Each structure stands twice: as C-alpha cells, then as structure tokens.
Amino acid sequence: MTVGFTAQHGERGRLDATQPDLGCDWAWEGIHRARPRVDMTCPECAHPVHAKVSRHGLRFFAHDPGSPTCALAGESMEHHLLKLELATCIRAAGHHAELEVRGPDGDWRADVMASGPDGRTRMAWEAQLSPITAEEIGRRTARFAKNGVRVCWVATRLRPWVGAVPSVHVRPPAEDEARWLVTGGLVRFEVEDCDDRYGCPAGHGAWREAATDLRSFVRWVLDGRVVPHRLPVIYSGGYSFDVEGHVWAGAWTAPQYVDAAAAFAEKEHRARVRREESRARWLERKRRPEPQQAAAPRPGAVPRSG
C-alpha cells in the first residue's frame, strides 16, 4: 500500500494529514470516512487517494487500488515516522513545516520543508534511509542549493556518505524514551592543557562528539545556533574526526567552536614557527666553526728573545 501525508483537493488545495486542521482549516472528520466520498489525489502521481488512520492513530492518505508507480511507494513506515518527527520538531521550533514539497523545476522533492517566520528562508530535511552513493547525494544536495534551499540529511544507519554532506545520524526512541536522539554528526571543539610546554605550548585541541535529542538539534539549526562545518584534513586521505571507524568529513557545530578551532590552529601554527626558528638558530650555531685559539707555552719553556 502506497501512503503519504499529503493530498490534493480541487477546492481546498493541498491537505496535510500531520496538521490538526489539514493546513486549510478543515477538520479531519470532513474527509475521513465521509459520505459522499471526498475527491482527493496524490500530489506526486495524481492517482486518487483516501484518508486513513493506522491502528496506532497515525493519520495518512492511501492510494486507491490500481495506482501507478509512485515515488512515495518506496518509502517504508520508518521513513514516514521519521518525516512526521521532523515536521513535529520544526513546528515545535516555531517554524512552518510542509511535507513532500516539489521544487519549481520538479528536479527535487523535499521530505519536509521548513520555512522561517518571515516565509523567505527555507530548509529541506531529508529522511534518507535507503542506500545511496556519496556522488548521488552530492548531486541532490547541489540541486537544492541551486534553488537557494539548505538541506540536512537524516540517516538511521551510518552510510559512507554521512558526513560528506550536511547530515546527522539519529536513533529512534527506545521503549522507555520519548524522543529521537542525535547520535552522530554534532561536535564541539575542546582544548586541553599539556604538561610539555615546550613541545606543545598551545595544548591539545580536538573535535569531540556531542549528543542531544532531535528536537533540540532541529531548533538549534533553524535558529542558526549550529552550522555545518567541514572538518580539517590532518593527513593525506584522512580527516581529524573518526568515530569507531566512520570518518566524518563534516559535522554540525556551534559558530563559537568554529572560532575556537581557528584560534587554536593559529596559536599552534605560531608555536610551530617559533620551534622551527629556534631549531634553525641552534643548527646554525652548530655549523659555525669554533674560533682559533693561540697555543699555550709548554711548562719550563724559555721564550725566545727578539
């Protein structure tokens, strides 16, 4: 059964099953099991749909029998639940959330589109649960950017592309938990003092994992309190943030941590320059020939007279 959270109505326009008033000041009872039946279609494939409620109380739209191949057909229930959670988080942050939004040229479809209170700033939140290559997700990210839309990819499995594009790894709530958790992709920068003041006077700086719930993370991103950041290369082919074998080429962090990392890198660079200059002076002294000294007279020797 192909399902989705949105439907198209001839007079009311777009209907959103995740909103109490369907997003158009219309009660759910007006379309669910209504007689006569309300004509609605899928915004993706235009096939007729009808309103349904799952045994867990989840409201959605299901395609009528005989539907054609639809892009929504490949979405699992886990995918739908994550989309619903993202929409809930966005609305809790005071922003507008619209599900299954197509781009102006039809070359992208956002799972959930967040719009700021001013209606101008937009950000797509993508629940990417099926396998995809880093190259393809990079192209999809670029298509969003072409229309001025930022994007955050949300994964429940650590795929190779996670971190290569703005993304996070999340975990659904356990039985005794109420919220989804961000378990990867959020970092902070820390500096620790070192006892070897000569060897590393700047101390030891490193990116560390940070954890929070998905609702807080979404709010921080939409408020600009955390931003995507490319992590610096520290050796050929590798990056400075590796967690249990997964390499993060980029992550989300607060702007103050970006500034702290830049300040530490500058301090470390100055210390390295001073060490190199000090060593160069030491080597120069080693290479410099010792000054010649006059031979001392032998004991008992009589100096020759002129």
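For the structure itself, look to the data block above.
A. Region of the structure containing the overall build of the protein. Counting secondary structure elements, the protein contains four helices and 21 strands. The buried share of the protein, reckoned over its 306 residues, is 40%. Contacts in the protein between residues at least 24 apart in sequence constitute 54% of all its contacts with a sequence separation of at least 6. When the accessible surface of the protein is split by element, carbon and sulfur atoms take 50% of a total near 17900 Å².

B. Examining unusual backbone geometry more closely. In the segment running from Arg35 into Pro36, the intervening peptide bond is cis, with an omega of 0°. Relative to the helices and strands, Pro36 is located in the loop between β3 (13-16) and β4 (40-41).

C. How the structure looks around the packing of aromatic side chains. Summed over the entire model, instances satisfying the criterion amount to seven aromatic pairs. With centroids separated by 4.8 Å and ring planes inclined at 40°, the aromatic side chains of Trp108 and Phe144 adopt a geometry described as tilted. In this pair, Trp108 sits in the loop between β7 (96-102) and β8 (109-115) while Phe144 sits in helix α2 (residues 134-146), placing the two residues 36 residues apart along the sequence. By relative accessible area, which is 4% here, Trp108 ends up buried. Look at Phe144 and you get buried, because its relative accessible area is 1%.

D. Molecular detail of the pattern of salt bridges. In total, this model carries 17 salt bridges according to the counting rule given. Between Arg14 and Glu98 there is a salt bridge whose closest N-O contact spans 3.4 Å. Taken together, the residues span a long stretch of sequence, with Arg14 in strand β3 and Glu98 in strand β7 at a distance of 84 residues. What makes Glu98 partly exposed here is its relative accessible area of 29%. Close ionic contact of Arg179 with Asp213 constitutes a salt bridge, the shortest N to O distance being 3.5 Å. With Arg179 in the loop between β11 (167-171) and β12 (181-184) and Asp213 in strand β15 (residues 212-213), this pair connects stretches of sequence that are 34 residues apart. If you follow the salt bridges from partner to partner, you end up with Arg188, Glu190, Glu192 and Arg208 in one network.

E. Inspection of the environment of Met77 at higher detail. Positionally, Met77 belongs in helix α1 (residues 77-92). Residue classification places Met77 among the partly exposed residues on the basis of a relative accessible area of 45%. Here the alpha-carbon distance between Met77 and Val3, two residues 74 residues apart in the chain, equals 9.1 Å.

F. Highlighting the sheet that holds strand β5 (residues 48-53). Ordered by their spatial adjacency, six strands build an open sheet running β1-β6-β5-β4-β2-β3, and the pairing between neighbours is antiparallel. Bordering the open sheet on either side are β1 (3-4) and β3, each of which pairs with just one other strand. As paired strands, β1 and strand β6 (residues 59-63) are joined by two bridges and run antiparallel to one another. Pairing of Gly4 across the sheet is with Phe61, part of β6.

G. Local environment of the pairing of β3. Relative to β3, strand β2 (residues 6-9) is paired through four bridges, and the arrangement is antiparallel. Within β3, the residue paired with Gln8 across the bridge is Arg14. Taking the residues that link successive antiparallel strands as the turn, the β2-β3 hairpin has three residues.

H. Focus on the side chain of Glu85. With respect to the helices and strands, Glu85 occurs in helix α1. Buried charged residue Glu85 carries no salt bridge. Nearest counter-charge: Arg215, at 4.5 Å. In this structure Glu85 touches Trp180, Leu214 and Arg215, once residues within four positions along its chain are discounted.

I. Region of the structure containing the side chain of His63. By the secondary structure assignment, His63 is in strand β6. Using a relative accessible area of 8% as the deciding quantity, one classes His63 as buried. Once residues lying within four places of it in the same chain are set aside, the contact partners of His63 are Thr2, Val3, Cys42, Cys45, His47, Pro48, Val49, His50 and Cys70.

Calculation criteria
Residues numbered from 1 in each chain as written. Predicted model: local features only at pLDDT ≥ 70, side-chain atom pairs only at ≥ 80, totals over all residues. Heavy atoms only, no water. Helix = DSSP H or I, 4+ residues; strand = E, 2+ residues; numbered from the N terminus. Buried < 20%, exposed > 50% of the residue type's maximum accessible area, 1.4 Å probe, protein only. Contact = heavy atoms within 4.5 Å. Areas by Shrake-Rupley, 256 points an atom, 1.4 Å probe, with all protein chains shown as cover. Phe/Tyr/Trp six-rings, centres within 6.5 Å; stacked < 30°, edge-to-face > 60°. Salt bridge = Lys/Arg side-chain N within 4 Å of Asp/Glu carboxyl O. Pairing = 2+ DSSP bridges. Lys, Arg positive; Asp, Glu negative; His and termini not counted.

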